[in-house]
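Fold and geometry: a report
Here is what each chain is made of, one letter per residue.
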Amino acid sequence: MHYYNVNLEPIDPMLFGDNRMAREGEDHILSSTMPSPYTIYGAVGNAIINILGVKKLSQKSWDPEIQHYLGEFIDSDKYTKENVFQIIGYTFKDSQDKIWYPAPKNLLIDKDSFYPLEIMTPGEFNIQSSCPFPMLLSKKSKDSIFEEDFFVDENSLKEILCGNKVGKISDLKIKLKDDFYLEEYRTGIGMDYHRNVVKKTILFSRPYWRFHTAISGNELNLKSNGFSVWCQTLKQIKSISTGEHNQINFFGGDRRRSIFFFKDIATKPFDDLLKEVLTSINDSKGLIVYLLTPLPMTTKKLNELSLNAQKFDAAAIGKSQYISGWLHKIKGQRPRKMLRLVPAGSVFFYLWKNETYEKKKNLIKNFWLNSLSPEYKVFGFGRILIGVWK
């Protein structure tokens, strides 16, 4: 396997819909959401195909050269083999190419000052509660809490995964969604494409993300906020290994354009962060499993999730998200099945059960960047980073 970091900088306003029918309901408004792993997988995979110089491609004519780098063509919603192109993770990046991660859901900040208030950890056993986990999180803060999604830099994420308390986080840095893009709604109308006429319907609105740009570097280049993606191919692509390789490709709904900046990376992503976590095992009470990417809920109950056959003892999760998309098959396209997702940034806690130091260490190393949903792993769903809590 070979690893790449791909920065996606939108040229056009982006459309990432929530898959709800905008023509139904009272408000006729389609909401926006982070692009799903399916969207990222298709966009980055297509960009690699363009880099390799293949112009026309389908499952019927899956080029042997493409298979050499990406593996076989996937025409299903699930896939369990490992020897194919994979998305390891993705998140926002700013115009200076700094990475921002979904804030762990157990981190509480003040809604006015954004000052860090508390990092919640399991505090007591669940005796009578609707919570499906055996332990509850302690919450000492009584301040007004910021309840929307926000993002933290790598150093702040490292401090939390290493088990540090909120008072020991030297310099918490956060960004809100508005810091990356401006959401703007545009009107649309239903069409009968077979007859090429407007349907008898009403206007609806769709959200587009207009990403902020800024001057970057000494050369005064205009750079955009966007996304940073980590992926792996079966073999190293020589044209990328000679340096960064740029491609303009479609990304998101309505065939919106983005610049794809490919960079060859020598080691597996997040190796430095893994080393920091491994040095923090001593005096820890258990594991904290952080969702780098959203997790499909393939079980009916959250408390059925597990790591290495060990069920979790507590959790801090966000509101469920729903995604669908389109699946390419030999006989055309079809909508993918709707998936309910546990959002990125959600965390699960595991209390140590008399494991030795070596067993703790190996558990973290063996499942680092793995997925809690193996059947959706290659697309980038449910990828995890593992820390400790104290």
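Each remark here, short or long, concerns the structure printed above.
Read on for an overview of the structure. Given the structure is predicted, the values throughout are model-derived calculations rather than measurements.

1. Remarks on the overall build of the protein
- On a plain count of helices and strands, the protein comes out with six helices and 29 strands.
- Summarising the internal contacts of the protein: among those between residues at least 6 apart in sequence, 73% fall at separations of at least 24.

2. Points about the sheet that holds strand β2 (residues 86-93)
- On the basis of which strands lie adjacent, the open sheet formed by eight strands has the order β9-β8-β3-β2-β16-β1-β18-β17 and antiparallel pairing. With one partner strand each, in any of the chains shown, β9 (174-176) and β17 (245-250) form the two edges of the open sheet. If you compare each strand with its neighbour and ignore which way they point, the axes differ by 35° on average.
- Pairing between β2 and strand β16 (residues 226-233): seven bridges, direction antiparallel. Bridging from a neighbouring strand, tyrosine 90 pairs with valine 229 of β16.
- Running at roughly 125° to β17, helix α1 (residues 37-51) makes contact with β1 (2-10), β2, β16, β17 and β18 (257-265) of the sheet.
- Relative to the sheet, helix α3 (residues 154-161) contacts β3 (99-102) and β8 (150-153), its axis offset from that of β8 by approximately 90°.

3. Topic: the environment of asparagine 362
- Structurally, asparagine 362 can be placed in helix α6 (residues 357-367).
- On the basis of relative accessible area, asparagine 362 is assigned to the partly exposed category, the value being 34%.
- The spatial distance from the C-alpha of asparagine 362 to the C-alpha of leucine 278 is 9.5 Å, given a sequence separation of 84 residues.

4. Section: the pattern of salt bridges
- Throughout the structure, instances matching the rule amount to 13 salt bridges.
- Put simply, lysine 93 and glutamate 9 hold a salt bridge, and the shortest N to O gap is 3.0 Å. Within this pair, whereas lysine 93 is found in strand β2, its partner glutamate 9 is found in strand β1, the two being separated by 84 residues in sequence.
- Given the relative accessible area of 0%, lysine 93 is considered buried.
- Here glutamate 9 falls in the buried class, since its relative accessible area comes to 4%.

Definitions and limits used
- Residues numbered from 1 in each chain as written.
- Predicted model: local features only at pLDDT ≥ 70, side-chain atom pairs only at ≥ 80, totals over all residues.
- Heavy atoms only, no water.
- Helix = DSSP H or I, 4+ residues; strand = E, 2+ residues; numbered from the N terminus.
- Contact = heavy atoms within 4.5 Å.
- Pairing = 2+ DSSP bridges.
- Axes fitted to C-alpha atoms, helices over the stretch in contact; angles between N-to-C directions.
- Buried < 20%, exposed > 50% of the residue type's maximum accessible area, 1.4 Å probe, protein only.
- Salt bridge = Lys/Arg side-chain N within 4 Å of Asp/Glu carboxyl O.

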